[in-house]
Amino acid sequence: DDCLTLNEITTALSSVQQSYQGFLFDLIGCDACLMGSYEAAVQLAPYGHCFVASQELEPSLGWAYDGWIGALTDDPEMDNLTLGQAIADAYYQACLADNPNDYLCLSVVDLTQIKALNDEMEAFSAYLSAALENGELNTVSRARRRMYSFGEFCDSASDMVDLKALINAYQAFA
């Protein structure tokens, strides 16, 4: 009955990097619900090249390991993003074969691009902070109300939203 926290994960990855200077994982993957967040990607970026995770709740069967391990066996030289895509493809195929009505989400993130995204997010956050300070709470609130929260189709919505959808919704009201 103990959840693995993002802090515990980054502490373990930091320990590996301290033991093996300059070491980066080719791919960091989370076969768990609600791990594919911007915050997780920012925290994991110093430890790897590629991140595969779901922003949404995952069906109980999780990743289809036999599908993507077979692809890696067939092409052991595949690059990180191609492996991530193979994981996502096998996941979707297995989940849809099990239940074609499942809501599925699995992202492949190039962690080498997170610094640039983080810089843009800092600017957007400063813009939102200024908007709130200038009395635009209703504008920000209306934009947020239009967002789907991941995990929403069960009783425990996470209040995580799609970043691009949030930016687009805010622009519609700004």
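Counting starts from 1 at the beginning of each chain's written sequence and moves along it residue by residue. Thresholds applied to this predicted model are a pLDDT of at least 70 for local features of residues and 80 or more for the giving and counting of side-chain atom pairs; totals over whole chains, interfaces and linings are not thresholded and use all residues. Processing note: side-chain calculations cover all non-hydrogen atoms of the structure and skip hydrogens and water entirely.

Strand pairing follows a simple DSSP-based rule, namely that at least 2 bridges must link the two strands. Here a helix means four or more residues in a row that DSSP labels H or I, a strand means two or more in a row labelled E, and each is numbered from the N terminus. In this sheet, strand E2 (residues 48–53) lies alongside strand E1 (residues 25–30) in parallel orientation, the contact comprising five bridges. Note that in E2 the partner of Ile28 across the bridge is Phe51. Note on handedness: a clockwise path from strand one over the helix to strand two, with the strands aimed away from the viewer, defines a right-handed crossover. Handedness of the E1-helix H2 (residues 38–44)-E2 crossover: right-handed.

Relative to the 20 Å expected for 14 residues at 1.5 Å per residue, helix H1 (residues 6–19) spans 20 Å between its end C-alpha atoms, a close match to the ideal helical length. Think of it in three bands: residues with accessible area under 20% of the maximum for their type are buried, residues over 50% are exposed, and the middle band is partly exposed, with areas taken using a 1.4 Å probe on protein chains only. Three or more residues of H1 are buried, namely Ile9, Thr10 and Leu13. The arc that holds every buried residue of H1, seen down its axis, measures 90°, which confines them to one face. Summarising the geometry of H1, the exposed residues directed more than 90 degrees from the buried face are Asn7, Gln18 and Ser19. Considering only its buried residues, H1 is in contact with E1 and H2. Under the convention used throughout, the expected extent of a helix is 1.5 Å for every residue step, that is, one less than its residue count. Picture the helix axis, draw a direction to every C-beta atom, and the arc is the one those directions span. The criterion used for residue contact is that any of the two residues' heavy atoms lie within 4.5 Å.

Turning to the packing of helix H3 (residues 65–74) against helix H4 (residues 80–98), a few remarks are in order. An axis is simply a line fitted to the C-alpha atoms; with a helix, the fit covers only the stretch in contact. Between two such axes, the angle follows the N-to-C directions and lies from 0 to 180 degrees. Across the interface, H3 lies against H4 with an axial gap of 8 Å and an inter-helix angle of 145°. In the crossing of H3 with H4, the sense of the turn from one axis to the other is right-handed. Residues Gly67, Trp68, Ala71 and Leu72 of H3 pack against Leu83, Ala86, Ile87 and Ala90 of H4. Classes in brief: Ala, Val, Leu, Ile, Met, Phe, Trp, Tyr, Cys and Pro nonpolar; Asp, Glu, Lys and Arg charged; the others, Gly included, polar. Here the residues of the contact of H3 with H4 are counted per class, giving seven nonpolar, one polar and no charged. Two helices that cross are described as forming a left-handed crossing if the nearer one is turned anticlockwise from the farther one by less than a right angle, and a right-handed crossing if clockwise.

Any carboxyl oxygen of Asp or Glu within 4 Å of a side-chain nitrogen of Lys or Arg constitutes a salt bridge here. Counted under the stated rule, the structure contains one salt bridge. Asp119 is paired through a salt bridge with Lys115; the nearest N and O atoms lie 3.2 Å apart. Placement of the pair is Asp119 and Lys115 together in helix H5 (residues 114–133), with a separation of four residues, close to one helical turn. By relative accessible area, which is 58% here, Lys115 ends up exposed.

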